[in-house]
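Per-entry structural report
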Amino acid sequence: MSKTVAIIVAAGRGERAGGNTAKQWRKLHGKYVVDWSIEAFRSHPAINSIVLVTGEEVPPGFAPESVKIVRGGPTRSASVLNGLNAIDDADENTKVLIHDAARPGLAADTIDGLLDALETADACAPGLPVQDALKRQDDAGFSDVERAGLYRVQTPQAFRLGMIRTALEDSGASFVDDLAAVEAHGAKVALTPGSVRLSKITYPEDFDMVARLLAPSGTVRVGKGFDVHAFEPGDHVTLCGVAIPHTAKLKGHSDADAGWHALTDAILGAAALGDIGDHFPPSDPEWKDADSALFLKAAQRLAAEAGYAVTSCDITIICEAPKVKPHRQAMRARTAELLGLPLDAVSVKATTTEQLGFTGRGEGIAAEAVAVLTPS
Ligand code: CTP
Ligand code: MG
């Protein structure tokens with residue numbers, strides 16, 4: 001039986017979308033735009049292999065498992081041809097689904113629809129009936145265009161390898177899409193149900209639209225952190241980035257900021273990304289005397305890469321002394337500033353343990369934190 005191959009073209013320059021990074025290499029909810037399509041094909045049982053066609057600027061370390069990466073060409077058609085020529089164990093009947101990386105919202109039912117339609121048609125693509133009224137402008141002004149029977153055509157577009165390769169190789173002409181190339185060769189084409197979610201990122205404002213369409217359905221995530229540091233001789237402690245005069249300092253490998261360590265763990269916990277020790281081992285000399293702002297920012301960045309934004313936090317400092325209350329506003333402000341949060345999303349509280357336990361005996365300081373993360 002012939003196999004089914006997905007080709008994702010991602011070799012364009014993304015000029016209309018602007019920005020310093022080509023649109024396919026920007027991140028959408030924590031993943032590269034191209035990753036969305038790779039994952040959609042990879043998780044579909046009918047797809048046997050994936051070819052990704054890229055330009056020169058592939059981000060360092062980008063090497064998705066079981067994806068063959070090949071170089072594109074100066075035009076989209078040239079990129080598609082390079083992808084077609086890179087298919088291993090191909091024959092004329094190999095089914096190919098050619099997809100724009102710039103359409104990250106590919107769903108399994110779209111792939112199902114295409115593979116079904118390809119049983120009876122030579123080629124097919126998802127199409128969406130045009131809903132808006134259409135007008136044509138010319139020198140005489142505007143005239144109405146009949147909307148019935150008009151479709152917006154999307155990708156993936158599905159073919160048998162022999163036919164699409166011949167059509168693209170033969171044609172000196174440039175076609176509006178791959179479907180048009182085989183139509184020019186007399187192919188019988190079909191349209192399957194398209195979807196708004198499959199919209200293409202073309203202009204800068206399309207990022208927001210597509211990000212909304214692909215917003216993770218995940219709900220709010222909550223994480224909790226806890227940390228303790230013992231006192232040793234010194235003249236101040238650092239809590240939530242604020243130096244507080246005291247008759248001792250906190251002992252630790254880094255600056256021993258128990259408040260921010262607890263918050264770092266709360267953020268990592270909410271995104272299920274391990275704990276502070278996994279990311280910044282105390283055995284590593286790099287973190288000696290480190291400013292804990294570094295850990296906190298890194299946790300926020302890791303959560304963002306996993307698709308979550310820190311939206312609020314609540315920190316409790318547990319000690320008899322120093323008195324935290326006079327410094328609470330500065331601690332909130334410093335934490336809010338570092339995380340880029342509004343002040344009212346950051347709470348710092350303090351309590352004693354009524355002289356009970358190690359905090360009660362003044363042997364050290366404990367801190368607890370809760371962080372709330374929402375899909376970004
Ligand atoms: N593409 C490609 N090789 C090219 C040109 C385009 O692989 N030489 C890919 C793009 O990366 C994109 C898809 O074809 O995934 C659709 O093209 P388009 O939306 O036009 O993307 P760009 O060509 O990158 O954008 P622009 O035209 O704004 O520069
Ligand atoms: Mg283009």
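Everything here concerns the structure above.
As the structure is a prediction and not an experimental result, all values here were calculated from the model.

Once that is clear, we can look at the overall build of the protein chain. The helix and strand tally for the protein chain stands at 11 helices and 19 strands. For the protein chain, the C-alpha radius of gyration of 28 Å lies well beyond 21 Å, the compact-globule estimate for 376 residues. Across its three principal axes, the protein chain shows a C-alpha extent of roughly 85 × 55 × 30 Å. Scored against the burial criterion, the 376 residues of the protein chain give a buried share of 47%.

A few words now on the sheet that holds strand β19 (residues 364-375). On the basis of which strands lie adjacent, the open sheet formed by 5 strands has the order β16-β13-β19-β17-β18 and mixed pairing. Strand pairing shows two members of the sheet lacking a second neighbour, β16 (248-250) and β18 (346-351), which therefore form its edges. Averaged over all adjacent pairs, the angle separating strand axes in this sheet is 25°, with direction ignored. Here 6 bridges tie strand β17 (residues 308-318) to β18, and the two strands are oriented parallel to one another. If you follow I315 over to β18, its bridge partner there is V348. Of the strands in this sheet, β13 (221-233), β17 and β19 touch helix α7 (residues 258-270), which is tilted by about 155° from β13. Helix-sheet contacts for helix α10 (residues 328-339) involve β17 and β18, and the interaxial angle to β18 is about 145°.

This part is about the nonpolar core. A general tendency of soluble globular proteins is for nonpolar side chains to be buried together. Within the largest apolar cluster, 42 residues are counted, with the highest numbers of intra-cluster contacts made by L239, L263, I267, I317, M331 and L373. With 8 residues, α7 is the largest single contributor of residues to this core. Leaving out residues up to four positions away in the same chain, I317 has contacts with L239, G259, V324, M331, K349, A350, T351, I365, A366 and A367. Core analysis: the next-biggest nonpolar cluster, separate from the first, contains 26 residues, A10, W25, I50 and L115 among them.

A separate point is helix α2 (residues 76-85). Burial in α2 covers these residues: S79, V80, L81, G83 and L84. Contacts made by the buried residues of α2 are with β1 (4-10), β4 (49-54), β5 (67-71), β6 (95-100), α4 (161-170) and α5 (178-183).

As a volume, the largest pocket reaches approximately 1,200 Å³. Taken together, 47 residues line the largest pocket, and the ones lying closest to its centre are V9, G12, T75, R76 and D100. Mapped onto the lining of the largest pocket, the elements with two or more residues apiece are β1, α2 and α5. The dominant element in the lining of the largest pocket, judged by the number of residues it contributes, is α5, at 5 residues. For the lining of the largest pocket, the residue count by class is 17 nonpolar, 16 polar and 14 charged. Here the second largest pocket is characterised by a volume of approximately 220 Å³.

Let us now look at the site of ligand 1. G14, E15, R16, S79 and K200 are the nearest of the 19 residues found near ligand 1. Between ligand 1 and A102 there is a distance of 3.3 Å, counted from an oxygen atom to a backbone nitrogen or oxygen. In the complex, 87% of the free accessible area of ligand 1, which totals 560 Å², lies under the protein chains. Those elements that provide at least two residues to the shell around ligand 1 are β1 and α2. Here the residues of the shell around ligand 1 are counted per class, giving 6 nonpolar, 6 polar and 7 charged.

Under the counting rule described, the total for this entry stands at 6 aromatic pairs. Consider the rings of F280 and W287, whose centres lie 4.9 Å apart with planes at 90°: the pair is edge-to-face. Of the two residues, F280 and W287, both sit in the buried class. In this structure an aromatic cluster arises from ring pairing among W25, Y32 and F62. Note that R16 overlies the ring of Y203, its terminal NZ or CZ placed 5.9 Å from the centroid. In this structure, K31 packs its charged tip against the face of W36, placed 3.9 Å from the ring centre.

Let's shift gears to the pattern of salt bridges. Within the structure shown, the criterion is met by 15 salt bridges. The salt bridge involving D178 is made with R76; its shortest N-O contact spans 3.0 Å. Note that D178 is positioned in helix α5 and R76 in helix α2, a separation of 102 residues in sequence. Note on D178: relative accessible area 1%, which makes it buried. Across the pair D289 and K288 runs a salt bridge whose closest N-O atoms are separated by 3.7 Å. Through salt bridges that share partners, R76, D100, R103 and D178 make up one connected network.

A contiguous nonpolar patch, built from Y151, V153 and L191 and spanning about 250 Å² of accessible area, is present on the exposed surface. On the basis of relative accessible area, Y151 is assigned to the partly exposed category, the value being 45%.

Criteria and cut-off values
- Residues numbered from 1 in each chain as written.
- Chains lettered and ligands numbered in written order.
- Predicted model: local features only at pLDDT ≥ 70, side-chain atom pairs only at ≥ 80, totals over all residues.
- Heavy atoms only, no water.
- Helix = DSSP H or I, 4+ residues; strand = E, 2+ residues; numbered from the N terminus.
- Rg over C-alpha atoms; globule rule 2.2 N^0.38 Å.
- Buried < 20%, exposed > 50% of the residue type's maximum accessible area, 1.4 Å probe, protein only.
- Pairing = 2+ DSSP bridges.
- Axes fitted to C-alpha atoms, helices over the stretch in contact; angles between N-to-C directions.
- Contact = heavy atoms within 4.5 Å.
- Core = buried A, V, L, I, M, F, W, Y, C linked by side-chain atoms within 4.5 Å.
- 1 Å grid on protein atoms, 1.4 Å probe; cavity = no way out; pocket = protein on both sides within 12 Å on 5 of 7 lines; lining within 4 Å.
- Points joined across faces, edges and corners; volume = space filled by probe spheres on them.
- Nonpolar A, V, L, I, M, F, W, Y, C, P; charged D, E, K, R; others polar.
- Near = heavy atom within 4 Å.
- Polar contact = N/O pair within 3.5 Å; in protein donor to acceptor, adjacent residues only side chain to side chain.
- Areas by Shrake-Rupley, 256 points an atom, 1.4 Å probe, with all protein chains shown as cover.
- Phe/Tyr/Trp six-rings, centres within 6.5 Å; stacked < 30°, edge-to-face > 60°.
- Lys NZ or Arg CZ within 6 Å of the ring centre and 35° of its normal.
- Salt bridge = Lys/Arg side-chain N within 4 Å of Asp/Glu carboxyl O.
- Patch = residues over 30% accessible without salt bridge, like charges linked within 9 Å, V, L, I, M, F, W, Y side chains within 5 Å.

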